[in-house]
Amino acid sequence: MLPNMTKILINSILIFFLSVILINSNLVGNFYWQVSSLFTDHNLLIDWLECNSMGVNLFTSTEVICNTRKIPTFNYGHAILIFPWSETINVFYRDYLPHIVIFLFIILTVKIIDPQKKIEILLLFLCLINPSTLLAYDRLNMDLFVYILAITVCFNRIYFINWILTLFLSFVKIYPAALFINIFFENKKRTLTKIFLIIILLILFTIIYFFYFTDYILYFLNNVSSGKAGYHYLFSLNSLPKIFKYIFNVNYQLLLLVFYSLFILAVIAIYKKSNSSLKDIGNDIYSYNSKLFMIGGYITLISYVIFSNWFYREIFLILMIPYIVRAKINSQYNISSLLIYFFIVRYFFIFIYSYVNIHDGITYVDSIRIFSIKFLLTITIKSIFDFIIMSMLTSILFLKTKNYIQKFIFN
């Protein structure tokens, strides 16, 4: 038998090389739109750093020209411009850093899932090699960095570093602020008073930052939604309202109200149905897997409910898998086992979903976009999968949160 760390390294290297081969091949063009070069989101960020180093004003509504090139609108927070740029660093940024980030993403995922059974190995490979995760590798946007930080803050015991890094990423993209949930779980001995003081300190840092960079922050808030998804490759509670609006031409705001209400009711129903199982799951609060579940859960829930995400945001669901896999539940209604199989079926379906997204062309009649029945059926099934799995995971997330709050009240 190989030592565990050796198995982790071997699996990571295997998955890494397979992933790199796939994103460099034409095969993945059957599952997502390939562009002219890899790491486009990452390289665009490097373009912005280059332009900033040359004194080009990125915070403008007019066209940005840098080295005679047209550069898309800057849609990150001003904090990201703290990174330097030079010709030498540029080589590292573009040629080496992407592969380092992908490998870190993979080895950390293999480490936290640590598969022991065949079904867990299957789940590991599916969550790391599927169209949504491969697209995340291909584009290499900020989500990969946030994912790596999410795992880091769960294991790093130098808490101040965790807070500073989370604060920084929150100034770059808003949603990483969900990582601050870890403040409540990172130290079992931390009192509510200390937690309150930490939050006050972080708020003061934020106010100071806002005071000095008000104009930049307002610009960022006006441009932050420029990359939201439409009907294709969508991971959002908004997806079903969008589909129903298209098919039945019903008021979109009304549909949002209906489906948001249905989501809340589904969470409550699953909680009640699985009450005995969920109590066993919810009692564990401070383990590493539990912290990963809470962090991944809140990032995913906030993203799913508030934003129209491209489906590579689904990578944060992976953070919840280790806890589900390791949960030991003895009950007739085993939500843990159900979730494992649901994850696997959903990952297999994503291949079908992605293939249809690519191969079902959009047609126009009188300048109106027309989708085929096949496309509408496929994206509806995907949206229902998302709705169900997020309802199940949210029910566990809320129970664990409830147990944590009760701990402070009764202890």
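Up top is the structure these notes are about.
## A short note on the overall build of the protein
Turning to step 1, where the next piece is worked out: Across its full length, the protein carries 16 helices and six strands.
Turning to step 2, where the next piece is worked out: Relative to the 2.2 N^0.38 estimate, which gives 22 Å for 411 residues, the radius of gyration of the protein is 22 Å and therefore close to what a compact globule would have.
Turning to step 3, where the next piece is worked out: In terms of its C-alpha atoms, the protein occupies a principal-axis envelope of roughly 65 × 55 × 55 Å.
Turning to step 4, where the next piece is worked out: Evaluated residue by residue, the protein yields a buried proportion of 53% over its 411 residues.
Turning to step 5, where the next piece is worked out: When the accessible surface of the protein is summed, it comes to about 19700 Å², and 68% of that surface belongs to carbon and sulfur atoms.
Turning to step 6, where the next piece is worked out: One finds the centroid of the 31 positive side-chain charges in the protein at a distance of 13 Å from the centroid of its 18 negative side-chain charges.

## Focus on the pattern of salt bridges
Turning to step 1, where the next piece is worked out: One pass over the structure, following the stated rule, counts 12 salt bridges.
Turning to step 2, where the next piece is worked out: Between Arg-94 and Glu-50 there is a salt bridge, with the nearest N and O atoms lying 3.9 Å from each other. Taken as a pair, Arg-94 in helix α3 (residues 87–113) and Glu-50 in helix α2 (residues 40–53) lie far apart in primary sequence, 44 residues in all. Considered together, Arg-94 and Glu-50 belong to a single accessibility category, that of buried residues.
Turning to step 3, where the next piece is worked out: Among the ionic pairs, Asp-138 bridges to Arg-139, the shortest N-O distance being 2.7 Å. The two residues Asp-138 and Arg-139 agree in class, both being buried.
Turning to step 4, where the next piece is worked out: One continuous salt-bridge network, built from bridges that share partners, spans Asp-47, Glu-50, Arg-69 and Arg-94.

## Let's talk about the state of the cysteines
Turning to step 1, where the next piece is worked out: For the structure shown, the criterion picks out one disulfide.
Turning to step 2, where the next piece is worked out: With no disulfide partner, Cys-127 has as its closest neighbouring cysteine sulfur the one in Cys-154, 16 Å distant.

## As for a nonpolar patch on the surface
Turning to step 1, where the next piece is worked out: Among the surface-exposed residues, Phe-244, Ile-247, Phe-248, Val-250, Leu-254, Leu-257, Val-258, Leu-262, Ile-264, Leu-265 and Ile-268 lie close enough to one another that they form a single nonpolar patch of about 970 Å² accessible area.
Turning to step 2, where the next piece is worked out: It is helix α11 (residues 252–273) that contributes the most residues to the nonpolar patch, seven residues altogether.
Turning to step 3, where the next piece is worked out: Tracing the chain through its elements places Phe-248 in helix α10 (residues 239–248).

Rules used throughout
- Residues numbered from 1 in each chain as written.
- Predicted model: local features only at pLDDT ≥ 70, side-chain atom pairs only at ≥ 80, totals over all residues.
- Heavy atoms only, no water.
- Helix = DSSP H or I, 4+ residues; strand = E, 2+ residues; numbered from the N terminus.
- Rg over C-alpha atoms; globule rule 2.2 N^0.38 Å.
- Buried < 20%, exposed > 50% of the residue type's maximum accessible area, 1.4 Å probe, protein only.
- Areas by Shrake-Rupley, 256 points an atom, 1.4 Å probe, with all protein chains shown as cover.
- Lys, Arg positive; Asp, Glu negative; His and termini not counted.
- Charge placed at Lys NZ, Arg CZ, Asp CG, Glu CD.
- Salt bridge = Lys/Arg side-chain N within 4 Å of Asp/Glu carboxyl O.
- Disulfide = S-S within 2.5 Å.
- Patch = residues over 30% accessible without salt bridge, like charges linked within 9 Å, V, L, I, M, F, W, Y side chains within 5 Å.

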